[in-house]
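Per-entry structural report
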Amino acid sequence: MANRLLSKPHPWHGIPIGKDAPGKVNAFIEMVPSDTCKYEIHKETGYLMIDRPQKFSNIIPALYGFVPKTYCGPKTAKFAGEKSNRVLKGDCDPLDICVFTEREIPHGDILVEAKVIGGMRMIDGGEADDKIIAVLAQDEVYSFDDISDAPERLVNRLMHYFLTYKQIPGEESPKCEITHVYGADEAKKVIALSVQDYKDLFSDE
């Protein structure tokens, strides 16, 4: 019993998605706008690791992380493919989420409750790589219910970041494109499918 109480739950597998999902979800934050390195979770241990230093001036304009107990597998990829008229595969990662807030959050490796307002359908090297867009629950400034309520510049900042963050001058970069920006209802569908993909893969573990 004592050992269990001292154990930190794995951010991907050990934290619930949230009782009000898919409208409100828990989000594990890996990166904040002030980070000068790209951090991501080490899937085996659950610790944050440095993926790479940020080579240029790209700054993520929101808190960035993933939704626990989700997985971008066949169901998520099929839906993205139907919506974009492509044949896609999933990126085999938990579902990404970007969370806007007026508050300055100084570091990642934290858990926040996020209200889902939409998403971006991103395709990265032939893989479905959707980015859910959310606002911090109970944020008094970013209080939108749907992406259509938010200023267009917020979405434009996200799009610019994800379309350019892998580009290196003089080198061939993986081709990323964003085919659609969608509202809260479709984002909830994407979350639900990623939950099913997670259960399909990990239900026996």
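An account of the accompanying structure is given in this report. (Residues numbered from 1 in each chain as written. Predicted model: local features only at pLDDT ≥ 70, side-chain atom pairs only at ≥ 80, totals over all residues. Heavy atoms only, no water.)

1. With respect to the overall build of the chain
Inclusion rule: For the purposes of this entry, the term helix denotes a DSSP run of H or I that reaches at least four residues, the term strand denotes a run of E that reaches at least two, and both are numbered from the N terminus. The reference for a compact globule is 2.2 Å times residues^0.38; the radius of gyration itself is calculated from the C-alpha atoms. Exposure categories follow from relative accessible area, calculated using a 1.4 Å probe and restricted to protein chains: below 20% of the type maximum is buried, above 50% is exposed, and the middle band is partly exposed. Residue contacts are counted whenever heavy atoms from the two residues lie within 4.5 Å of one another. Accessible areas in this description were obtained via Shrake-Rupley with a 1.4 Å probe; residue shielding takes into account the shown protein chains only. The charge count includes Lys and Arg as positive and Asp and Glu as negative, but it does not include His or the ends of the chains. Charge placement uses NZ in Lys and CZ in Arg. For Asp and Glu, CG and CD serve respectively.
A count of helices and strands for the chain gives four helices and 10 strands. For 205 residues, the compact-globule estimate of 2.2 N^0.38 gives 17 Å, and the C-alpha radius of gyration of the chain, at 16 Å, lies within 12% of that figure. Dimensions along the principal axes, computed over C-alpha positions, put the chain at roughly 55 × 35 × 35 Å. In the chain, buried positions account for 47% of the 205 residues. Nonlocal contacts in the chain, meaning residues at least 24 apart in sequence, comprise 74% of its contacts between residues at least 6 apart. Here the chain has roughly 11000 Å² of accessible surface; of this, 50% comes from carbon and sulfur atoms. Each charge class in the chain can be summarised by its mean position, and for the 25 positive and 33 negative side chains these summaries are 2 Å apart.

2. Brief notes about the packing of helix α2 (residues 74-84) against helix α4 (residues 184-202)
As a reminder of what qualifies: Helix axes are fitted only over the stretch in contact, all axes being lines through C-alpha atoms; the angle between N-to-C directions runs from 0 to 180 degrees. Polarity classes work like this: nonpolar for Ala, Val, Leu, Ile, Met, Phe, Trp, Tyr, Cys and Pro, charged for Asp, Glu, Lys and Arg, and polar for all others, with Gly in that last group.
At a minimum axis distance of 7 Å, the contact between α2 and α4 shows a crossing angle of 145 degrees. Contacts from Pro74, Lys75, Thr76, Phe79 and Lys83 of α2 reach α4 at Glu186, Lys189, Val190, Leu193, Ser194, Gln196, Asp197 and Asp200. Split by residue class, the contact of α2 with α4 holds four nonpolar, three polar and six charged.

3. Thoughts on the pairing of strand β2 (residues 37-41)
Going by this rule: Pairing between two strands is assigned when DSSP locates at least 2 bridges connecting them.
Bridge count between β2 and strand β3 (residues 48-53): five bridges; the pairing is antiparallel. Bridging across to β3, Glu40 finds its partner in Met49.

4. Concerning the pairing of strand β7 (residues 110-124)
Of all the 15 residues making up β7, 11 are buried; the element is thus mostly covered by neighbouring parts of the structure. Strand direction decides the pairing type here: strand β1 (residues 24-31) and β7, joined by six bridges, are antiparallel. By the bridge assignment, Ala27 is partnered in β7 with Val112. Here β7 runs beside strand β9 (residues 131-136); their pairing, made up of six bridges, is antiparallel. Each residue of the ladder has a partner; that of Lys115, found in β9, is Val135. Bridging between β7 and strand β10 (residues 176-183) involves seven bridges; their strand directions are antiparallel. Pairing of Gly118 across the sheet is with Gly183, part of β10. As defined by bridge partners, β7 adjoins strand β8 (residues 127-128) across two bridges and the pair is classed as antiparallel. When the sheet's bridge partners are listed, Asp124 is paired in β8 with Glu127. Linking β7 back to β8 in an antiparallel pair, the connection comprises two residues, with Gly125 at a positive phi of about 60 degrees.

5. Considerations on unusual backbone geometry
The peptide bond linking Ala21 to Pro22 adopts the cis configuration, its omega dihedral lying at 10 degrees. Within the element layout of this structure, Pro22 appears in the loop between α1 (2-6) and β1. Even without a glycine there, the phi angle at Lys69 is positive, about 55 degrees. You can call Lys69 partly exposed: its relative accessible area is 32%. Notably, Cys92 is not glycine yet its phi reads approximately 65 degrees, a positive angle.

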